[in-house]
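Examining the three-dimensional arrangement
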Amino acid sequence: MSDRLGGALARKPLHFIFVLDVSGSMLRGGRIQALNNAITEVLPHLKDEARANPHAEMLIRVLAFANEPQWIIEEPTPVDQIHWKRLEAVPRGFTELGSALQTLAGALDHLDESNSAFPPAIILVSDGRPTQSSGVTFAEGLQALLNNRWGATAVRLALGVGRDADMHSLRRFIGDEDVPLLRADNPEQLVEYIVWASKAASKVASRPVVGPGSGVTAVPPSPIGDPIWSTLG
């Protein structure tokens, strides 16, 4: 696409960040395998979204957390260059979500300080209650994220996995009661919901108008249908 002067139309960066729980409880019920399968399946959808949006350059990052946060993909990488390497859960690993959000806030400090980027899209997946063995509470990590300009305006979606997921903390992360909060109770739902959340986040984040709070002005209807018996609990 070109502008009216004949030059190439610049594509604004859209930073898409997965924050993924790899604590010890993710070893239960095939959760970590389902998470890997979900990310593998969502990448082609994100590539399609990127190709369909001439205004945005989708850049992917992945932050995993258990006893401590660890960047799996630290540098913003074009989605068509992503080759997924399967995550491993940390045996007996804690759920240091506060530390992960603090690390994420630090990374967002380095984004473009101008208005030339879309709001980031952040998808959080967790199956437990935040711990604080690192000394950073969930509340402190969340506040660090919200104190950041990009963290405050980001499109923030969250997905709980299994019956033990702390849905209250995930709702606080989203920060907007109108945005669906999903819980996957089996591997099929986990794949379905991550695909939905990723497509929804990429569409909303790349809109020119950003609303208050999480930045979400509208999202597609929740994919939740009839209840399915839990196999991830």
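Model, not experiment: these values are computed from the prediction.

Re the confidence of the model for the protein
Parts of the model with low pLDDT should not have their predicted coordinates read in detail. In the predicted model, the protein carries a mean pLDDT of 84, and the fraction of residues at 70 or more is 82%. Of all secondary-structure elements in the protein, the lowest mean pLDDT belongs to helix α6 (residues 187-205), at 83, while helix α3 (residues 138-147) reaches the highest, 97. Overall, residues 1-8 carries pLDDT values under 50, and its contacts beyond four positions in sequence, including any with other chains, amount to nine contacts. Every residue in residues 209-220 is under pLDDT 50, and counting partners more than four places away or in other chains gives 33 contacts.

As for empty space enclosed by the protein
With the rule as written, the count across this model stands at one cavity of 30 Å³ or more. There is about 30 Å³ of room inside the largest cavity. For the largest cavity, the full set of lining residues is Ile-123, Leu-157, Ala-158, Leu-159, Leu-182, Trp-196 and Ala-197. Elements supplying a minimum of two residues to the lining of the largest cavity: β5 (155-161) and α6. Ranked by residues supplied to the lining of the largest cavity, first place goes to β5 with three residues. Among the residues forming the lining of the largest cavity, the class breakdown is seven nonpolar, no polar and no charged.

Some remarks on the sheet that holds strand β6 (residues 182-184)
Read across the sheet, six strands follow the order β3-β2-β1-β4-β5-β6 without closing on themselves; strand pairing throughout is mixed. One side of each edge strand has no neighbouring strand; the edge strands of this open sheet are β3 (69-78) and β6. Strand-to-strand twist in this sheet, taken as the mean axis angle between neighbours without regard to direction, amounts to 15°. Of the strand pairs in this sheet, strand β1 (residues 12-21) and strand β4 (residues 121-126) are connected by five bridges, and their pairing is parallel.

Thoughts on the packing of helix α2 (residues 97-108) against α3
Running from amino to carboxyl end, α2 crosses α3 at an angle of 15°, the nearest separation of the two axes being 7 Å. Taken together, α2 and α3 sit at an angle that is classed as roughly parallel. The interaxial crossing formed by α2 with α3 has left-handed handedness. Here α2 contributes Leu-97, Gly-98, Leu-101, Gln-102, Leu-104, Ala-105 and Leu-108 to the contact with α3, which in turn contributes Phe-138, Gly-141, Leu-142, Ala-144 and Leu-145.

Some words on the nonpolar core
Counting 75 residues, the largest nonpolar core has Phe-18, Leu-35, Leu-190 and Ile-194 as the members making the most contacts within it. If you tally residues by element for this core, the top one is α6, at eleven residues. In this structure, Phe-18 is in contact with Ile-39, Val-42, Leu-46, Arg-61, Val-62, Leu-63, Ile-123, Ile-194 and Ser-198, ignoring residues within four places of it in sequence.

Concerning the pairing of β4
Along a regular strand, successive side chains alternate from one face of the sheet to the other. Among the six residues that make up β4, six are buried, leaving the element largely enclosed by the rest of the structure. Judged by which residues are buried, β4 turns out to be covered on both faces: Ala-121, Ile-123 and Val-125 on one side and Ile-122, Leu-124 and Ser-126 on the other are all buried. Relative to β5, β4 runs parallel, the two being bridged by six bridges. In the sheet register, Val-125 faces β5, and the bridge partner there is Leu-159.

Description of the packing of helix α1 (residues 31-52) against α6
Put simply, α1 and α6 touch, their axes get as near as 8 Å, and they point 35° apart. Viewed along their axes, α1 and α6 form a crossing whose handedness is right-handed. Of the residues in α6, those in contact with Arg-31, Ala-34, Leu-35, Asn-37, Ala-38, Ile-39, Glu-41, Val-42, His-45, Leu-46 and Glu-49 of α1 are Pro-187, Leu-190, Val-191, Ile-194, Val-195, Ser-198, Lys-199, Ser-202 and Lys-203. Here the residues of the contact of α1 with α6 sort into eleven nonpolar, four polar and five charged.

Reading the values: the criteria
- Residues numbered from 1 in each chain as written.
- Predicted model: local features only at pLDDT ≥ 70, side-chain atom pairs only at ≥ 80, totals over all residues.
- Heavy atoms only, no water.
- pLDDT = per-residue confidence, 0-100.
- Helix = DSSP H or I, 4+ residues; strand = E, 2+ residues; numbered from the N terminus.
- Contact = heavy atoms within 4.5 Å.
- 1 Å grid on protein atoms, 1.4 Å probe; cavity = no way out; pocket = protein on both sides within 12 Å on 5 of 7 lines; lining within 4 Å.
- Points joined across faces, edges and corners; volume = space filled by probe spheres on them.
- Nonpolar A, V, L, I, M, F, W, Y, C, P; charged D, E, K, R; others polar.
- Pairing = 2+ DSSP bridges.
- Axes fitted to C-alpha atoms, helices over the stretch in contact; angles between N-to-C directions.
- Parallel < 35°, antiparallel > 145°, perpendicular 65-115°, else oblique.
- Left-handed = near helix turned anticlockwise from the far one by under 90°.
- Core = buried A, V, L, I, M, F, W, Y, C linked by side-chain atoms within 4.5 Å.
- Buried < 20%, exposed > 50% of the residue type's maximum accessible area, 1.4 Å probe, protein only.

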